[in-house]
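Chain residues, written in single-letter form:
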Amino acid sequence: MKTLKKILLCLLLLIPLNVIAGKEITLKETYPDIGPRTSVPSVDATLYSDYILLDINRYYGSVVVEVENEETGEVATAEYFVNSRDSFSFDISDMPVGAYIIRIRFSNGVECYGQFSIEEE
């Protein structure tokens, strides 16, 4: 049993820290002129080394997520989905080093956006 614990400890020490702990992406929201029955989603975005994890709460409907290169304005990746679960991940492993903007657009007009950087490892 002690040998197993030692092996697990060694493996944990070999895993880079940014794989274990992600970096929160601070999101800002914009709201349209919404009525009292419009759902305002709660969104958390976490940047990991190879992907972005989105946690979307209090919303069911279509969502468009775009990641654009901040320098060029070019959309690096985009995805459309219908939110039927709480978490989504987006692969960014092929994206080059640079500064990016993530935009999350909901069908009810609410939009969230934030900035993040991909750095050399």
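Look above for the structure.
What counts, and where the lines are drawn
Residues numbered from 1 in each chain as written. Predicted model: local features only at pLDDT ≥ 70, side-chain atom pairs only at ≥ 80, totals over all residues. Heavy atoms only, no water. Core = buried A, V, L, I, M, F, W, Y, C linked by side-chain atoms within 4.5 Å. Buried < 20%, exposed > 50% of the residue type's maximum accessible area, 1.4 Å probe, protein only. Helix = DSSP H or I, 4+ residues; strand = E, 2+ residues; numbered from the N terminus. Contact = heavy atoms within 4.5 Å. Pairing = 2+ DSSP bridges. Axes fitted to C-alpha atoms, helices over the stretch in contact; angles between N-to-C directions. Salt bridge = Lys/Arg side-chain N within 4 Å of Asp/Glu carboxyl O.

Student: Help me understand the nonpolar core in this model?
Tutor: For soluble globular proteins, the rule of thumb is that nonpolar side chains tend to be buried together. With 25 residues, the main nonpolar core has L54, I102, I104, F106 and F116 as its most contacted residues. Within the residue set of this core, elements represented by two or more residues are β3 (42-47), β4 (51-57), β5 (62-69), β7 (87-91), β8 (98-106) and β9 (111-118). For this core, the leading source of residues is β8, giving four residues. Setting aside residues no more than four positions away along its own chain, F116 makes contact with I25, L47, I52, V67, G98, A99, Y100 and I102.

Student: How do you make sense of the sheet that holds strand β6 (residues 75-82) when you look at a structure like this?
Tutor: Adjacent strands of a sheet form backbone hydrogen bonds with each other and so pair up, either parallel or antiparallel. Pairing is antiparallel in the open sheet, where five strands are placed in the order β2-β9-β8-β5-β6. Both edges of this open sheet fall to β2 (28-30) and β6, since each of them pairs with a single strand only. The mean angle between the axes of side-by-side strands here comes to 20 degrees, regardless of whether they run parallel or antiparallel.

Student: Can you walk me through unusual backbone geometry in this structure?
Tutor: Trans peptide bonds make up most of the peptide bonds, and negative phi angles are found at most residues other than glycine. For R58, which is not glycine, the phi torsion reads 60 degrees and is therefore positive. Among the structural elements, R58 can be located in the loop between β4 and β5. According to the relative accessible area criterion, R58 is exposed, its value standing at 58%.

Student: Got a minute to help me understand the pattern of salt bridges in this structure?
Tutor: Any two side chains of opposite charge can pair, so long as their charged atoms come close to each other. The tally for this structure, following the rule as stated, stands at four salt bridges. E66 is paired through a salt bridge with R105; the nearest N and O atoms lie 2.8 Å apart. Here the residue E66 occupies a position in strand β5, and R105 occupies one in strand β8, the gap between them amounting to 39 residues. The shortest N-O distance in the salt bridge between R103 and E111 comes to 3.7 Å. For the pair R103 and E111, one class covers both residues: buried. In this structure, a network of salt bridges that share partners links the residues E66, E68, R103, R105 and E111.

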